Amino acid sequence: MQHSAINELSILLVLAFIIFISPYFSKISKIPIAPIEIMMGIVFGFFGFIPHSEPFKIVAEVGFFYLMFLAGTEIDLKSFFKIEKSIIKLVLSYLTILYIVAGIFSVFISPAFLVIVVVPLMSVGILSTLFKEYGKNEPWLNTAMIAGGIGEVLSIALLTLMSAYIEFGNSIELFSSIYYLILFIVLCVLGFKGLEVLFWWYPNLKILLMPHDDKSEKDIRLSMALFFSTVAVMIYLNLEIVLGAFIAGSFIATFFNHKKDLPHKLGSFGFGFLVPIFFVYIGTTVELEYLLVPGVLDNAMKLMIFMIIVRVISSMIFVKRFGLYDSILFGLSLSMPLTLLVAVATVAYNAGNIAKELYFAFIIASIFEVILSMILIKFTNYLKFRLK
């Protein structure tokens, strides 16, 4: 058997083991599955059980794009227009504080564009898992999802601009990418408005596209068609694919909310297959020996602590509305931008803008940030009820 074939066989067997066993490790350790999969990828990669493979890398990238698509399915754009104006003002104030802090620190830390993107990063991927434990009736968690949704859109847009800046610099191609980004967003807005009118006039069209009694899985087929079509458009426009994948997901959530089980069906496929491959792959890119190199662990700890503290302090603007403990819970719940922090680090590292040591620091920080935030959320929630 050829060496490459042996490598592919080894990867498949190890992936099968990790995908199967990681939920059990997660249940025992009380740590979300994503960090478990990354850590297992680090360990198995270090011992050579997951060698480098280009097909593995490509499938992992598809897994990341699909993860962003799933994140989009958490965002029903119509629901944003029904939110209290006072909540929206507080959320926008919270996000503004984060970006002001990022702008201040970008003066002292380079590269500045990376600081501006990283400090306010938001992602609803891990955040959405909190609903399983704390329910959907917690005001701090519902508001955090609103802030996370708006923040993730901003984060993905900045990631797109950062990717274009890294690739093209200050050349004409950068401004061309910005033009295409604005054009794409305008077309998306017009498309959403147009479909809103279309489905208002012909409400049965939604049922025709995604019927309730669906033996042919038309809902899944339409979702996949939309996902791949949007990815193709982003590749053609030379824009960051994650933005298109996210918007495609939000399209499903906004216009086909009559299919209540669709996000679950899409998530079952993604979190049971494609997404774990992405997290395991990220783990394999971390070289354990580099953890002992000066500047890796200490930078990871500094980044993790700084991002959590900034979010918790900024969340104090909610004290009058939620009280102290729920405000802290709000800030902690938004301190887990694992997927986008990994994405930003990967883009910057592949372009040569950050050293390998700093790349590993970002990856380690993204893992520990989730673990520490989850522990602090449990502890704060315990104190809230204990001291009542």
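Residues numbered from 1 in each chain as written. Predicted model: local features only at pLDDT ≥ 70, side-chain atom pairs only at ≥ 80, totals over all residues. Heavy atoms only, no water.

Draft legend 1. Broad picture of the overall build of the protein chain. Looking only at helices and strands, one finds 19 helices and zero strands in the protein chain. Against the 2.2 N^0.38 benchmark of 21 Å for 388 residues, the protein chain shows a C-alpha radius of gyration of 21 Å, consistent with a compact globule. Projecting the C-alpha coordinates of the protein chain onto the three principal axes gives extents of approximately 60 × 60 × 50 Å. Burial statistics for the protein chain: of 388 residues in total, 51% are counted as buried. Considering only intrachain contacts with a sequence separation of at least 6, the fraction spanning at least 24 residues in the protein chain is 80%. Across the protein chain, the 26 positively charged side chains and the 25 negatively charged ones have centroids separated by 12 Å. (Helix = DSSP H or I, 4+ residues; strand = E, 2+ residues; numbered from the N terminus. Rg over C-alpha atoms; globule rule 2.2 N^0.38 Å. Buried < 20%, exposed > 50% of the residue type's maximum accessible area, 1.4 Å probe, protein only. Contact = heavy atoms within 4.5 Å. Lys, Arg positive; Asp, Glu negative; His and termini not counted. Charge placed at Lys NZ, Arg CZ, Asp CG, Glu CD.)

Draft legend 2. Structural context of the packing of aromatic side chains. Following the criterion strictly, the structure yields 29 aromatic pairs and no others. Ring geometry for Phe192 and Phe255: centres 5.4 Å apart, planes at 25 degrees, overall stacked. Taken together, the residues span a long stretch of sequence, with Phe192 in helix H10 (residues 172–201) and Phe255 in helix H13 (residues 241–255) at a distance of 63 residues. Each ring, one from Phe269 and one from Phe273, has its centre 5.8 Å from the other, and the planes form 50 degrees; the classification is tilted. One end of the pair, Phe269, and the other, Phe273, are both in helix H14 (residues 262–284), four residues apart, so they sit about a helical turn from each other. According to the relative accessible area criterion, Phe269 is partly exposed, its value standing at 37%. (Phe/Tyr/Trp six-rings, centres within 6.5 Å; stacked < 30°, edge-to-face > 60°.)

Draft legend 3. How the structure looks around the pattern of salt bridges. Taken as a whole, this structure holds five salt bridges when the rule is applied. The partner of Lys265 in a salt bridge is Glu217, and the shortest N-O contact between them spans 3.0 Å. Residue Lys265 is found in helix H14, and its partner Glu217 is found in the loop between helix H11 (204–209) and helix H12 (218–237); the two are separated by 48 residues along the sequence. Among the ionic pairs, Lys384 bridges to Asp326, the shortest N-O distance being 3.0 Å. Highlighted residues: Lys384 in helix H19 (residues 356–386) and Asp326 in helix H17 (residues 324–333), separated in sequence by 58 residues. Here Lys384 matches Asp326 in class, with each residue buried. When salt bridges with common partners are traced through the structure, they connect Glu138, Asp326 and Lys384 into a single cluster. (Salt bridge = Lys/Arg side-chain N within 4 Å of Asp/Glu carboxyl O.)

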